[in-house]
Structure formats: C-alpha cells, structure tokens
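Reading the structure
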Amino acid sequence: MSPDVSAEPGSHLAGESLSNLYQDRHAQESPQFRAEIWEVLCDLVFQRYVKPEDTVLDLGAGWCEFINAIRCRNKIAIDLNPDLPKHARDAKTMIAPANDLSPIARSTVDVVFSSNLLEHMPNKMTVLQVLRECNRVLRPGGTLIVVMPNVRYLPGRYWDYFDHITPLSHVSLAEGMRLAGFDIVRVVPRFVPYSVKSRLIPKSTLVLRIYLRLPFLWAIFGRQMIVIGRRRGPAERGPGEQPKQE
C-alpha cells in the first residue's frame, strides 16, 4: 500500500543498473493498481498541501505516479532512472541527481515532494545536501513533503533492499530538515504500511480510503513516515507555534 516505488537520484546506482533493478523489483506489481493508490493518496492526503496554481517538483519521481496524480499548474519530475520520460504524463522531466538541482533556479518551486528517496543516499551528509537543494529551489514559505520508511518501526525489513543505505527515523529526519533551513510543521511517525505487497491490508483502493480516514489504524499498520517542512522566510512560523506530531 505504501509509496515504495521511487527510483532514487543521488544513490549508488544509476542508468541501466537502476532501471533493471526496479523493473525486476516491481515486475509482479500492477502499474494500474499503483497509479490508483497514488490517486487516492493525493486526493485524501497530499492535495491539501498543493494549490492549483503551484509549481510542484517530484524528487525521485520513479514511475511518476505522484506527479501524474497531483493537480497543479506546473509539474517537474526528477530522477536518475533513464526510463523517467516514459512514465511522466504532463510533467517536465530531468535526469539529474537529487543533491544537485542546479537546472532549477532558486526560489521557483512551491512544493517539493519526495517518496522513498533519502534512504538510498550514501550517507547523511548527502541527505543534508539533498535537503538543502530542496530549500534552495523552494520559494520562501514553500513546502517540503518527505515520505519514507521509518527505521524505528522497521528495523529488520528496512535492509531487505540492496539499495537501502542510510536509515532515518522521524526524529533524525526532522533534525536534518531543520539543519537545511526548514521549520517542521507536521510529523507523522507511522503513516502507511511498508509495501504495496503488504499482507496486512488487501489490495483495494476502497480499503485504502477507509484506512486513510482512520488514523488510529496508522499506529497499528504504519511503517512509513511523513515529515513536512516549510522553508524559512517571510512565511516562517510565528513565535510559540510548534510542529504537529501525530
């Protein structure tokens, strides 16, 4: 059920190796079902952070399910996977590493979205570089949304993937985002299950809709986290306001 399908710019794999890895890993999954999952996730969760006039960057866009489903004016998809342009429906695509977004001008993006990306970085300093690049391209007050496995609730299976290198919890991720110039506005330590192949919840978008509307279930089944930050600037957090943790 979880969005575990992004290709990872900035990782130790690229080009044909990266393409082959993800083709093999997700060979048994239905692209249509994955697209339907993302339509539900965008409809019920992520669209609230995106305005119709926004420019949205999907960092580590993979098969472009998120960027295809989200509703906004301008779309950018970035990944190292050379298959990226095949999957984007109406987004501008760039083959580039996540820690060097130099093709994108400073302060030109409203929302950066990243799913299952940062755990593939070679170390935490590279994670910090990625977060700082997100900060650079975002407008003041712009939003960074990060979804990824939470190692605190997935200590064993986290390492089942060859390209999982850098473990993060919701605490360490939030700390890194603050170091990169973000104020943390929402932390969900347990959000969705680890994989679309999870046995805990059937493959049903109806079940997913029910699940997303019942947050008490997240604490039972959730293995991936959401941390949302806002770039400091004219719209930065007022005195005394604290991030929301769920």
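Attention here is on the structure that accompanies the text. (Residues numbered from 1 in each chain as written. Predicted model: local features only at pLDDT ≥ 70, side-chain atom pairs only at ≥ 80, totals over all residues. Heavy atoms only, no water.)

The next point concerns the pattern of salt bridges. Following the criterion strictly, the structure yields seven salt bridges and no others. The closest approach of N and O atoms between Asp183 and Arg232, which form a salt bridge, is 3.1 Å. Taken together, the residues span a long stretch of sequence, with Asp183 in strand β6 (residues 182–188) and Arg232 in the loop between β7 (224–231) and β8 (244–245) at a distance of 49 residues. Looking at Asp183, the relative accessible area reads 9%, which means it is buried. Under the relative-accessibility criterion, Arg232 is labelled partly exposed at 36%. (Salt bridge = Lys/Arg side-chain N within 4 Å of Asp/Glu carboxyl O. Helix = DSSP H or I, 4+ residues; strand = E, 2+ residues; numbered from the N terminus. Buried < 20%, exposed > 50% of the residue type's maximum accessible area, 1.4 Å probe, protein only.)

Next up on the list: helix α6 (residues 170–179). Among the residues making up α6, those that are buried are His170, Leu173, Ala174, Gly176 and Met177. The buried side chains of α6 occupy one side of the element, clustering within an arc of 160 degrees when seen end-on. For α6, the exposed residues set more than 90 degrees away from the buried face come down to Glu175 and Leu179. Looking one or two residues beyond α6, the residue adopting positive phi is Gly181, at roughly 105 degrees. (Arc of directions from axis to C-beta.)

On to the side chain of Gln47, then. Structurally, Gln47 can be placed in the loop between α2 (31–44) and β1 (55–59). Residue classification places Gln47 among the buried residues on the basis of a relative accessible area of 11%. A distance of 2.9 Å separates a polar atom in the side chain of Gln47 from the backbone oxygen of Arg71. Discounting chain neighbours no more than four positions away, the residues touching Gln47 are Cys42, Ile70 and Arg71. (Polar contact = N/O pair within 3.5 Å; in protein donor to acceptor, adjacent residues only side chain to side chain. Contact = heavy atoms within 4.5 Å.)

What follows is about the packing of α2 against helix α7 (residues 205–212). For the pair α2 and α7, interaxial distance at closest approach is 10 Å and the crossing angle is 25 degrees. Overall, the two elements α2 and α7 adopt an arrangement that is roughly parallel. Considering how the two elements wind past one another, α2 and α7 form a crossing that is right-handed. For the pair α2 and α7, contact is made by Phe33, Glu36, Ile37, Val40, Leu41, Asp43 and Leu44 and by Thr205, Leu208, Arg209 and Leu212, respectively. The residue makeup of the contact of α2 with α7, split by class, is seven nonpolar, one polar and three charged. (Axes fitted to C-alpha atoms, helices over the stretch in contact; angles between N-to-C directions. Parallel < 35°, antiparallel > 145°, perpendicular 65-115°, else oblique. Left-handed = near helix turned anticlockwise from the far one by under 90°. Nonpolar A, V, L, I, M, F, W, Y, C, P; charged D, E, K, R; others polar.)

With 37 residues, the main nonpolar core has Leu41, Phe46, Phe66, Phe191, Leu212 and Ile226 as its most contacted residues. Secondary structure elements with two or more residues in this core: α2, α3 (65–69), β4 (109–115), β5 (138–149), α7, α8 (218–221) and β7. Counting residues per element, this core draws most heavily on α2, at seven residues. Setting aside its immediate chain neighbours within four residues, Ile226 contacts Val45, Phe46, Ile145, Val146, Val147, Arg186, Val187, Val188 and Phe191. Formed by 35 residues, the second largest nonpolar core is a distinct cluster that contains Leu57, Leu131, Leu138 and Ile184. (Core = buried A, V, L, I, M, F, W, Y, C linked by side-chain atoms within 4.5 Å.)

Geometric values such as these leave the question of function open.
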